[in-house]
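This is what each chain is made of:
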There are 2 protein chains.
Amino acid sequence: MTGSGPLARACAVTPDGAGAWRAELPAGWDVAGVVHGGLVMATAVGALREETGLDPVTVTGHFVSPGRAGAARIETSIVRAGRTLTTARALLEQEGRPVLAVQGSFGPIDPAPHVLLQDAPVPDWPDPESLPRTSHVPGIDFPPPLTDRLDLRLHPDDAVFVDGRPSGVARMRGYLRLLDDEPVDARGLVFAADALPPPTFNANLPVGWTPTVELTVHVRALPAPGWLRIDTGTRFISHGRMEVDAVIWDATGQVVAQARQLALVPRG
Amino acid sequence: MTGSGPLARACAVTPDGAGAWRAELPAGWDVAGVVHGGLVMATAVGALREETGLDPVTVTGHFVSPGRAGAARIETSIVRAGRTLTTARALLEQEGRPVLAVQGSFGPIDPAPHVLLQDAPVPDWPDPESLPRTSHVPGIDFPPPLTDRLDLRLHPDDAVFVDGRPSGVARMRGYLRLLDDEPVDARGLVFAADALPPPTFNANLPVGWTPTVELTVHVRALPAPGWLRIDTGTRFISHGRMEVDAVIWDATGQVVAQARQLALVPRG
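Conventions used here
- Residues numbered from 1 in each chain as written.
- Chains lettered and ligands numbered in written order.
- Predicted model: local features only at pLDDT ≥ 70, side-chain atom pairs only at ≥ 80, totals over all residues.
- Heavy atoms only, no water.
- Helix = DSSP H or I, 4+ residues; strand = E, 2+ residues; numbered from the N terminus.
- Rg over C-alpha atoms; globule rule 2.2 N^0.38 Å.
- Buried < 20%, exposed > 50% of the residue type's maximum accessible area, 1.4 Å probe, protein only.
- Areas by Shrake-Rupley, 256 points an atom, 1.4 Å probe, with all protein chains shown as cover.
- Lys, Arg positive; Asp, Glu negative; His and termini not counted.
- Charge placed at Lys NZ, Arg CZ, Asp CG, Glu CD.
- Polar contact = N/O pair within 3.5 Å; in protein donor to acceptor, adjacent residues only side chain to side chain.
- Contact = heavy atoms within 4.5 Å.
- Pairing = 2+ DSSP bridges.
- Phe/Tyr/Trp six-rings, centres within 6.5 Å; stacked < 30°, edge-to-face > 60°.
- Least-squares fit on C-alpha atoms with pLDDT ≥ 70 in both.
- Buried area = accessible area lost by both parts, 1.4 Å probe.
- Salt bridge = Lys/Arg side-chain N within 4 Å of Asp/Glu carboxyl O.
- Expected span 1.5 Å × (residues − 1).

K.L.:
Any details on the overall build of chain A? Residues and values, ideally.
P.N.:
The helix and strand inventory of chain A stands at 3 helices and 16 strands. Taken against the 2.2 N^0.38 rule, which gives 18 Å for 268 residues, the C-alpha radius of gyration of chain A at 18 Å falls within 12% of a compact globule. For chain A, the spread of C-alpha atoms along the principal axes amounts to about 50 × 45 × 40 Å. Relative to its 268 residues, chain A shows a buried fraction of 62%. Summing over all exposed atoms, chain A offers an accessible surface of approximately 9900 Å²; the carbon and sulfur share of this is 52%. Positive and negative side-chain charges of chain A, numbering 23 and 30 respectively, have mean locations separated by a distance of 4 Å.

The following block contains the structure:
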């Protein structure tokens, strides 16, 4: 169930007794030295997937302290194994320090689409193969080292912030795929939901780095092979907090995930 | 901190030893005999508010089994008390049966608005005083008994489903206030986030009752006195699951909460 490929290796877990798992948060999957939140969450969700034998249907993580490259321990517990869904919790710690608390509902995700309503146009964006891949430049915070671990192609209208010319709209769109043709499974969608730069980088606002407080991902379908299209935006920034909403489509145009996070907005 | 008024009484908790609380889920706040999910969640969140001494900033509940009128016990635990936010968990049980698992970040909510971005027009809806109040008719499932516990005025374009003429759009808007002029605090927003009928009641789809699997509420500000405006909608229904998104404005036009839930869609 763990799969193989760079992401599967980066968030692998091994049993460490009843309801406990060990992981090694990897170097190089970081944003300014902090292990990427989506990767930490995918690691904890992976432990819960092993524990329950089921895929994440809706998972929520609260980020308690920054993850650092190195050993981590995950305690898992089943709240209730139900007929349709199993509710479970995980706590990921490093050296006794809580890093991430996860709670979620796990169950089967039907591979055959059965869609009653999809009220969002399938994005009609430029061909991803025609777009430059975002990559890390050593010694500079952005793009972060994380971007070298995946293939991210930002929408040209949103990539403008990289050159210091933000679009003025708090939106960030892009194509994503994993390296080595690694397929994206339900755990991969949890990672992908947090993989784009913050939409606020395109807003003309005094907004710096935006640490995630909470991330919720609804896995709506298992993606077909190929590019994911990810559309993220922020509508409300107030009291030093903002949300980021994400919708993810697979290569067939099926919505495969919805996500929202609450993040802190340091001023200036 | 518990406040007074009908909602405060309905979700009151009393200490029951270290990290434990007692509650009495009330009769009459139900939907077809099941205690309203938002009320159950407000009860657990209220226990966490007592435990932490802080307001809910972002809280997520996973609904495990239906709440019934009667005694409940809530176990609370602090994951970590941080400088800016405290992460905490609660498990609400009835007769040893888990009903709801809650996890959230608690902290101060600045009463003075400081808004950098609000990219959503303040709703320009008909005067609530001109709209009929939704009320329960004994012996009929909808509107449910819950509606008699609050003052709910549906937008006329969305209230049409009550008469069997759904609008065809998966949207439900309405004004809400509590009875006896009870003010809506952060806990009240958790309740309000789940108080409207499902948007799918207005979609021309074979969709019946929609039990909530997961509900996340971001409290963005404390509401000013007066009517809340609540706009909810559903964009994706697939694989027997749907999301409901909600934005809540207070009477001054300030966005005070954002919420999303994942619910099951029984077919037919």
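K.L.:
Break down the side chain of Thr76 of chain B for me, with residues and values.
P.N.:
All names here are of chain B. By the element assignment, Thr76 lies in strand S6 (residues 70-81). Looking at Thr76, the relative accessible area reads 10%, which means it is buried. Separated by 3.1 Å, the side chains of Thr76 and Trp21 make a polar contact. Only 2.7 Å separates the side chain of Thr76 from the side chain of Glu51, close enough to count as a polar contact. Sequence-distant contacts of Thr76, that is, excluding residues within four places in its chain, are made with Gly19, Ala20, Trp21, Ala47, Leu48, Glu51, Arg89 and Ala90.

K.L.:
Can you explain the pairing of strand S10 (residues 150-154) of chain A? Please cite residues and give values.
P.N.:
Residues and elements named next belong to chain A. Among the 5 residues of S10, 5 are classified as buried, and the element is accordingly described as predominantly covered. A two-sided burial pattern is seen for S10, the buried positions comprising Leu150, Leu152 and Leu154 on one face and Asp151 and Arg153 on the other. Note that S10 and strand S11 (residues 171-178) share 5 bridges and pair antiparallel. Bridge pairing links Arg153 to Tyr175 in S11.

K.L.:
How would you summarise the packing of aromatic side chains if you had to cite specific residues and measurements?
P.N.:
All names here are of chain B. This structure, assessed with the given rule, holds 10 aromatic pairs over all chains. Relative to Trp227, the ring of Tyr175 has its centre 6.0 Å away and its plane inclined at 75°; by these criteria the two rings are edge-to-face. With a gap of 52 residues between them, Tyr175 in strand S11 (residues 171-178) and Trp227 in the loop between strand S12 (212-219) and strand S13 (228-233) connect regions that are remote in the sequence. The two residues Tyr175 and Trp227 agree in class, both being buried. For the pair Phe201 and Trp209, a centre-to-centre distance of 5.7 Å together with 55° between the ring planes defines the contact as tilted. Its relative accessible area of 17% is what places Phe201 among the buried residues.

K.L.:
How would you explain the relation of the copies chain B and chain A if you had to name every residue and give the values?
P.N.:
Overlay of chain B on chain A (RMSD 0.0 Å): rotation 180°, translation along the axis 0.0 Å. As the rotation angle and translation indicate, the two copies are arranged about a two-fold axis.

K.L.:
Quick rundown of the interface of chain B and chain A? Include the residues and the values.
P.N.:
Counting residues at the interface gives 61 residues for chain B, matched by 61 residues for chain A. At the boundary of chain B with chain A, total buried surface from both sides reaches about 5400 Å², with 57% on carbon and sulfur atoms. One can count 4 salt bridges joining chain B with chain A. Linking Arg260 of chain A and Asp245 of chain B is a salt bridge whose minimum nitrogen-to-oxygen distance equals 3.5 Å. In this structure, the connection of chain B to chain A is made through 38 residue pairs in polar contact (both at pLDDT 80 or more).

K.L.:
So what about the side chain of Asp245 of chain B? Which residues, and what values?
P.N.:
Relative to the assigned elements, Asp245 of chain B resides in strand S15 (residues 241-249). Those residues in contact with Asp245 of chain B that lie beyond four places of it in its chain are Gln258 and Arg260 of chain A together with Asp231, Thr232, Gly233, Ala259 and Arg260 of chain B.

K.L.:
Could you give an account of helix H2 (residues 37-52) of chain B, with specific residues and numbers?
P.N.:
For H2 of chain B, which comprises 16 residues, the first-to-last C-alpha distance of 22 Å matches the rise-based estimate of 22 Å (1.5 Å per residue) to within 8%. In terms of burial, H2 of chain B is a largely internal element, 14 of the 16 residues being buried.

K.L.:
Which residues make up the environment of Gly82 of chain A, and what values do they have?
P.N.:
All names here are of chain A. With respect to the element layout, Gly82 can be found in the loop between strand S6 (70-81) and strand S7 (86-94). For Gly82, a relative accessible area of 24% translates into the label partly exposed. Remark: the alpha-carbon pair of Gly82 and Gly139, spanning 57 residues in sequence, is separated by 50 Å.

K.L.:
Which residues make up the environment of Pro132 of chain A, and what values do they have?
P.N.:
Residues and elements named next belong to chain A. Looking at the element boundaries, Pro132 is found in the loop between strand S9 (115-118) and S10. Using a relative accessible area of 63% as the deciding quantity, one classes Pro132 as exposed. Residues Pro132 and Val34 lie 98 residues apart in sequence; the distance between their C-alpha atoms is 25 Å. Apart from residues lying up to four places away in sequence, Pro132 is in contact with Leu152 and Arg153.

K.L.:
Before we move on, could you go through the pattern of salt bridges and cite the residues and values that matter?
P.N.:
All names here are of chain A. Under the definition given, this model contains 29 salt bridges over all chains. A salt bridge links Arg22 to Asp16; its shortest N-O distance comes to 3.6 Å. Arg22 sits in the partly exposed class, given a relative accessible area of 44%. Judged by relative accessible area, Asp16 falls into the partly exposed class, the value being 31%.

K.L.:
So, the pairing of strand S2 (residues 20-25) of chain B: which residues are in play, and what are the values?
P.N.:
Residue and element names in this part refer to chain B. The pairing of strand S1 (residues 13-15) with S2 spans 3 bridges and is classified as antiparallel. Directly across from Val13, in S2, lies its bridge partner Ala23. Counting the residues in the hairpin turn of S1 and S2 gives 4 residues, including Gly17, whose phi is positive at 95°. In terms of strand pairing, S2 meets S6 through 6 bridges, oriented antiparallel. Along S6, the bridge assignment pairs Arg22 with Arg73.

K.L.:
Outline unusual backbone geometry, listing residues and values.
P.N.:
Note: most peptide bonds trans; most residues except glycine with negative phi. Residue and element names in this part refer to chain B. Even without a glycine there, the phi angle at Ala32 is positive, about 55°. Note on placement: Ala32 falls in the loop between strand S3 (30-31) and strand S4 (34-35). With a phi angle near 50°, Glu95 is a residue other than glycine that sits in the positive phi range. Its place among the elements puts Glu95 in the loop between strand S7 (86-94) and strand S8 (97-107).

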